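Structural overview
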Amino acid sequence: MAGETIGRHRHAFHQLIYVSTGVLAVRTEAASWIASSARAMWIPANTWHQHRVYGPSHVHTIGFAPDAPPLRSVTPTVISVDPLLRELLIACSDPDLSERELDHIQTVTRDRLERAHVQPVVLPTPRDPRLVRACSLAADDLARPRTMAWLARHSGAGERTLARLFRTEFGMTYPQWRTATRVFHAMIQLAEGATVTEAGHRCGWATTSAFIDAFTRTLGQTPGGYRAALRGSPPLSPAPDRPAAP
């Protein structure tokens with residue numbers, strides 16, 4: 001359901017979250033990610049996390065035994081979902097499958113997950129109070145092009161200090177972080193029904209073409225294609241997590 005929030009929790013098993021329609025924002029203590037029809041979220045066992053649904057969504061969750069993960073990553077990761085993997089993930093959450101059918105589908109799913117590519121859309125959580133303040137100021141009003149000088153004046157830190165904090169804590173420059181942040185929020189805007197032009201304007205791009213270019217370079221997909229994919233298939237009935245067979 002749109003707007004639904006699931007508070008901080010963790011699982012004893014590994015979990016893969018896929019959203020066949022809509023968008024799911026996942027947050028841990030370290031960072032925030034977006035899961036959607038083109039990308040799924042891998043959450044290793046015992047990782048504290050919380051998530052929120054944006055737009056009309058249908059979420060598929062698949063559990064994997066803690067001693068038999070299909071992915072090697074020991075930290076939360078977003079992976080790309082091709083058409084075949086999409087159908088497999090949807091099928092895995094079908095509550096009407098027999099155990100034999102489920103075992104067969106999960107075996108193929110594991111093979112496809114080994115081929116999946118990691119997606120780079122991640123927003124790390126700031127630690128230093130000065131960086132926390134600067135990120136909050138920039139993200140609270142994305143429509144305004146806040147400069148590093150403006151952030152420095154309002155966050156109690158010098159420009160050089162902020163630049164160093166962005167590099168050391170995030171591994172990126174302020175402009176790179178701001179672009180990632182704007183794309184992240186544009187994905188949510190599109191999920192909630194905004195047009196491409198509206199999403200680009202609200203997230204601070206001066207022109208629609210500039211927004212399309214930045215979004216496409218970041219995600220490998222145009223915002224129009226992304227918006228269409230969010231509504232691409234009819235939802236199935238939700239199913240509870242079932243740990244996969246090793």
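Shown above is the structure to which this text applies.
Before going into details, it helps to say that this report is about the structure given with it. Not measured: the values here are computed from a predicted model. (Residues numbered from 1 in each chain as written. Predicted model: local features only at pLDDT ≥ 70, side-chain atom pairs only at ≥ 80, totals over all residues. Heavy atoms only, no water.)

Some thoughts on the overall build of the chain
- Summing up its helical and strand segments, the chain has nine helices and eight strands in all.
- Relative to the 2.2 N^0.38 estimate, which gives 18 Å for 246 residues, the radius of gyration of the chain is 19 Å and therefore close to what a compact globule would have.
- Its C-alpha atoms give the chain principal-axis dimensions of roughly 60 × 35 × 30 Å.
- Counting only residues that meet the buried cut, the chain has 50% of its 246 residues in that class.
- For the chain, the exposed surface amounts to about 12000 Å²; the carbon and sulfur share of it is 54%. (Helix = DSSP H or I, 4+ residues; strand = E, 2+ residues; numbered from the N terminus. Rg over C-alpha atoms; globule rule 2.2 N^0.38 Å. Buried < 20%, exposed > 50% of the residue type's maximum accessible area, 1.4 Å probe, protein only. Areas by Shrake-Rupley, 256 points an atom, 1.4 Å probe, with all protein chains shown as cover.)

Quick notes on the environment of Glu114
- Mapped onto the secondary structure, Glu114 falls in helix α2 (residues 99–115).
- We classify Glu114 as exposed; its relative accessible area is 61%.
- As for Glu114 and Arg100, which are separated by 14 residues in sequence, their C-alpha atoms are 22 Å apart.

Let's talk about the environment of Gln106
- By the secondary structure assignment, Gln106 is in helix α2.
- Expressed as a C-alpha distance, the spacing of Gln106 and Ala91, which sit 15 residues apart in the sequence, is 9.2 Å.

Some details on the pairing of strand β6 (residues 77–80)
- Of the two faces of β6, the one holding Thr77 and Ile79 and the one holding Val78 and Ser80 are both buried throughout.
- In terms of strand pairing, strand β4 (residues 39–43) meets β6 through four bridges, oriented antiparallel. Bridge pairing in β6 links Met41 to Val78. (Pairing = 2+ DSSP bridges.)

Quick word on helix α9 (residues 223–230)
- Turning to α9, its buried residues number three or more, namely Pro223, Tyr226 and Leu230. The buried side chains of α9 occupy one side of the element, clustering within an arc of 60° when seen end-on.
- On the buried face of α9, the contacting elements are β2 (14–27), β3 (31–35), β4, α6 (174–191), α7 (196–202) and α8 (208–219). (Arc of directions from axis to C-beta. Contact = heavy atoms within 4.5 Å.)

Details of the pattern of salt bridges
- Tallied over the full model, the rule gives six salt bridges.
- When the shortest N-O distance is used, the salt bridge between Glu29 and Arg8 registers 2.9 Å. Of this pair, Glu29 sits in the loop between β2 and β3 while Arg8 sits in strand β1 (residues 5–9), and the two are 21 residues apart along the sequence.
- Given a relative accessible area of 47%, Arg8 falls into the partly exposed group.
- For Asp141, the salt bridge is made with Arg144, and the minimal N-O distance between the two is 3.0 Å. (Salt bridge = Lys/Arg side-chain N within 4 Å of Asp/Glu carboxyl O.)

Digging into the packing of helix α3 (residues 129–140) against helix α5 (residues 159–170)
- Where α3 contacts α5, the axes come no closer than 10 Å and their chain directions differ by 95°. Between α3 and α5, the interaxial angle falls into the category roughly perpendicular. Of α5, the residues touching α3 (which contributes Arg130, Leu131, Ala134 and Cys135) are Thr161, Leu162, Arg164, Leu165, Phe166, Glu169 and Phe170.
- Partitioned by chemical class, the residues of the contact of α3 with α5 number seven nonpolar, one polar and three charged. (Axes fitted to C-alpha atoms, helices over the stretch in contact; angles between N-to-C directions. Parallel < 35°, antiparallel > 145°, perpendicular 65-115°, else oblique. Nonpolar A, V, L, I, M, F, W, Y, C, P; charged D, E, K, R; others polar.)

Some points on the state of the cysteines
- Throughout the structure, instances matching the rule amount to zero disulfides.
- Cysteine Cys135 is unpaired, with the sulfur of Cys203 as its nearest cysteine sulfur at 16 Å. (Disulfide = S-S within 2.5 Å.)

Quick notes on the packing of aromatic side chains
- Across all of its chains, the model carries nine aromatic pairs by this definition.
- An angle of 45° between the planes, with centres 4.9 Å apart, marks the rings of Trp205 and Phe211 as tilted. The residues Trp205 and Phe211 share a single accessibility class, namely buried.
- Joined through ring pairs, the aromatic side chains of Phe166, Phe170, Tyr174 and Trp177 make up one cluster.
- Its guanidinium or amino end placed over the ring of Trp48, Arg8 lies 4.2 Å from that ring's centre, counting from NZ or CZ.
- Over the face of the ring belonging to Trp150 we find Arg146, whose NZ or CZ atom lies 3.8 Å from the ring centre. (Phe/Tyr/Trp six-rings, centres within 6.5 Å; stacked < 30°, edge-to-face > 60°. Lys NZ or Arg CZ within 6 Å of the ring centre and 35° of its normal.)

Quick word on unusual backbone geometry
- Phi at Asn46 takes a positive value of approximately 65°, unusual for a residue other than glycine.
- Looking at where Asn46 falls in the secondary structure, it is placed in the loop between β4 and β5 (49–64).
- Asn46 gets classed as partly exposed once you look at its relative accessible area, which sits at 48%.

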